[in-house]
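Structural characterization, general
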Amino acid sequence: MITMALWFAMAAYGAALLMNLHRILKGPGVGDRILALDTMVINFIALIVLYGIAVGSSLYFEASVVIAMVGFISTVAYARFILRGNIIE
Amino acid sequence: MALWQEVIVSIMLVIAGVFGLVGSIGLVKLPEPMMRLHAPTKATTLGVGGALLASMFNALFVLGRFSFHELLISIFLFLTAPITAHFIAKAHLHRHRADYLLPATGTGMPWAEAAPPDGSSAAQTEPVTEPTSTSARR
């Protein structure tokens, strides 16, 4: 049962990543593209956590923590660059 | 693992998948950019939260001990999701301010996403560093 639920959740997050990619390619503004990148990072964290459940290893949680931090910093840096013209004033 | 434990972990996994999918469908389908800002927060809170709860319950049922890594990720995501949404909304307002027609602040200062009138380095360096030919190019 857990295996089937894992397959369902992984397929859902894979489809979600494809939709985010569609929004990045299409999105009319810069804000939409930043938002789609941030959502891609979130979905990727969830996918890593699901893979960690699937293989039964706790090694992947450190990777997802690092990716969460990198995604937050990159999103804030990108939005701040759009907002101010430079990142660290 | 007993059946009810498998049922709990599977329900958490299905909730996580459904809400991750719902967040990205909203990101694709909603018409306005400010509406699109609303949808992926469901993927952040309920989607990733459900996946992390499933992982915690899985570790609790399989290994027999509580695991705290997932709590760290969920706390970090819950703390940073409003900050990123706020920054994206400010960047969007900065790009499309004329479309929204913000009301006056009433304090003599502009809105926070606009450049301050004086004192800030960004307000002073921006006209200086850009030569006048760039305005003609725009």
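None of these values were measured; they are calculated from a predicted model.

1. Brief notes about the packing of aromatic side chains
How two aromatic rings sit relative to each other is set out by the distance from centre to centre and by the angle between their planes. Residue and element names in this part refer to chain B. Applying the stated criterion to the full structure yields five aromatic pairs over all chains. Pairing Phe57 with Phe61 gives two aromatic rings, centres 5.9 Å apart and planes at 20°, and the pair type is stacked. You can see Phe57 and its partner Phe61 sitting in helix 3 (residues 40-62), four residues apart, about one turn around the helix. When its relative accessible area of 26% is taken as the criterion, Phe57 is described as partly exposed. Looking at Phe61, the relative accessible area reads 18%, which means it is buried. Through pairs of rings, three or more aromatic residues link up here, namely Trp4, Phe57 and Phe61. Over the face of the ring belonging to Phe87 we find Lys90, whose NZ or CZ atom lies 5.7 Å from the ring centre.

2. Remarks on empty space enclosed by the protein
According to the stated counting rule, one finds four cavities of 30 Å³ or more in the structure shown. Taken as a whole, the largest cavity holds about 100 Å³ of empty space. Lining the largest cavity, in full, are Leu35, Asp38, Thr39 and Ile42 of chain A together with Leu37, Pro40, Thr41, Thr44, Ala81, Thr84 and Ala85 of chain B. When contributions to the lining of the largest cavity are tallied by element, the ones reaching two or more residues are helix 2 (30-55) of chain A together with helix 3 and helix 4 (69-95) of chain B. A per-element tally of the lining of the largest cavity places helix 2 of chain A first, with four residues. Here the residues of the lining of the largest cavity are counted per class, giving six nonpolar, four polar and one charged. Taken as a whole, the second largest cavity encloses approximately 70 Å³ of empty space. For the second largest cavity, the full set of lining residues is Asp38, Val41, Ile42, Ile45, Ala68, Gly71 and Phe72 of chain A together with Thr44, Leu77, Thr80, Ala81 and Thr84 of chain B. Elements that contribute at least two residues to the lining of the second largest cavity include exactly helix 2 and helix 3 (60-84) of chain A together with helix 4 of chain B.

Criteria and cut-off values
Residues numbered from 1 in each chain as written. Chains lettered and ligands numbered in written order. Predicted model: local features only at pLDDT ≥ 70, side-chain atom pairs only at ≥ 80, totals over all residues. Heavy atoms only, no water. Phe/Tyr/Trp six-rings, centres within 6.5 Å; stacked < 30°, edge-to-face > 60°. Helix = DSSP H or I, 4+ residues; strand = E, 2+ residues; numbered from the N terminus. Buried < 20%, exposed > 50% of the residue type's maximum accessible area, 1.4 Å probe, protein only. Lys NZ or Arg CZ within 6 Å of the ring centre and 35° of its normal. 1 Å grid on protein atoms, 1.4 Å probe; cavity = no way out; pocket = protein on both sides within 12 Å on 5 of 7 lines; lining within 4 Å. Points joined across faces, edges and corners; volume = space filled by probe spheres on them. Nonpolar A, V, L, I, M, F, W, Y, C, P; charged D, E, K, R; others polar.

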